[in-house]
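Residues per chain, in single letters:
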Amino acid sequence: QVQLVESGGGSVQAGGSLRLSCAASGSILSLNGMGWYRQAPGKQRELVAAISSGSSTNYADSVKGRFTISRDNAKKTVYLEMNSLNPEDTAVYYCKARVLLQQGIYYTDYWGQGTQVTVSS
């Protein structure tokens, strides 16, 4: 019913930048909060950044000042601009969206398939 397709991951050297995109499609009536999470090998998935429907944002302390989350409601897309990347940012990055389906009553969370980000020193 809902698909979240991420793009923009890849390999970069320390100090470099990447921009992730996540486009939502399907039987969507409304998109509420959207966010990016990441999971490194052997670690739990953690919140990186989130943005509300009104574009309020919050960030993990480890990425404040380096990452910027934004959204384009018309395109149903959320972005994550990542600058000054370091090896500790290496992980699979997942987007999440809270969606109200066209035939739904409640908002439901959907996840993307993940995109790998690798930062080498």
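Let us look at the structure shown here.

Conventions we followed
Residues numbered from 1 in each chain as written. Predicted model: local features only at pLDDT ≥ 70, side-chain atom pairs only at ≥ 80, totals over all residues. Heavy atoms only, no water. Helix = DSSP H or I, 4+ residues; strand = E, 2+ residues; numbered from the N terminus. Buried < 20%, exposed > 50% of the residue type's maximum accessible area, 1.4 Å probe, protein only. Contact = heavy atoms within 4.5 Å. Core = buried A, V, L, I, M, F, W, Y, C linked by side-chain atoms within 4.5 Å. Salt bridge = Lys/Arg side-chain N within 4 Å of Asp/Glu carboxyl O. Polar contact = N/O pair within 3.5 Å; in protein donor to acceptor, adjacent residues only side chain to side chain. Phe/Tyr/Trp six-rings, centres within 6.5 Å; stacked < 30°, edge-to-face > 60°. Lys NZ or Arg CZ within 6 Å of the ring centre and 35° of its normal. Pairing = 2+ DSSP bridges. Axes fitted to C-alpha atoms, helices over the stretch in contact; angles between N-to-C directions.

Inspection of the secondary structure puts arginine 45 in the loop between strand 4 (28-39) and strand 5 (46-51). Since its relative accessible area comes to 34%, arginine 45 is described here as partly exposed. Residue contacts for arginine 45: discarding those within four places in its chain leaves Tyr37, Arg38, Gln39, Tyr94 and Trp111.

The next thing to look at is the nonpolar core. Ranked by internal contacts, the top residues of the largest apolar core, which has 32 residues, are Trp36, Leu80, Met82 and Tyr93. At the level of elements, strand 1 (2-7), strand 3 (18-26), strand 4, strand 5, strand 7 (67-72), strand 8 (77-82), strand 9 (91-101) and strand 11 (115-120) are the ones that each hand at least two residues to this core. It is strand 9 that contributes the most residues to this core, six residues altogether.

Another point: the pattern of salt bridges. If you walk through the whole model with that rule in mind, you get seven salt bridges. Between glutamate 81 and arginine 19 there is a salt bridge, with its nearest N and O atoms 3.7 Å apart. On the criterion of sequence distance, the pair formed by glutamate 81 in strand 8 and arginine 19 in strand 3 is long-range, its members being 62 residues apart. Here lysine 64 makes a salt bridge to aspartate 61, at a shortest N to O gap of 3.1 Å.

In this structure, arginine 66 sits in the loop between strand 6 (57-59) and strand 7. For arginine 66, a relative accessible area of 16% translates into the label buried. Beyond its immediate stretch of four places on either side in the chain, arginine 66 contacts Glu81, Met82, Asn83, Ser84, Leu85, Asn86 and Asp89.

To continue, consider the side chain of aspartate 89. Within the secondary structure, aspartate 89 is located in the loop between strand 8 and strand 9. Only 2.9 Å separates the side chain of aspartate 89 from the side chain of arginine 38, close enough to count as a polar contact. When near neighbours in sequence (up to four residues on either side) are disregarded, aspartate 89 contacts Arg38, Arg66, Phe67, Ser84, Val117 and Val119.

Under the defined criterion, the tally for this structure stands at one aromatic pair. A cation over a ring is seen here: arginine 45 above tyrosine 94, with NZ or CZ 3.7 Å from the ring centre. Between arginine 45 and the ring centre of tryptophan 111, over which it is positioned, the NZ or CZ distance is 4.7 Å.

Turning our attention to the sheet that holds strand 8. Taking strand neighbours across the sheet as the criterion, the four strands line up as 1-3-8-7 in an open arrangement whose pairing is antiparallel. With partners counted over all chains shown, the strands left at the sheet margins are strand 1 and strand 7, one partner each. With strand direction ignored, the average angle separating the axes of adjacent strands in the sheet is 15°. As paired strands, strand 7 and strand 8 are joined by six bridges and run antiparallel to one another. From the neighbouring strand, isoleucine 69 faces strand 8, where its bridge partner is leucine 80.

This part is about unusual backbone geometry. Even without being a glycine, serine 55 presents a positive backbone phi close to 75°. The topology assignment puts serine 55 in the loop between strand 5 and strand 6. Residue serine 84 is not a glycine yet carries a positive backbone phi of 50°. Within the secondary structure layout, serine 84 lies in the loop between strand 8 and strand 9.

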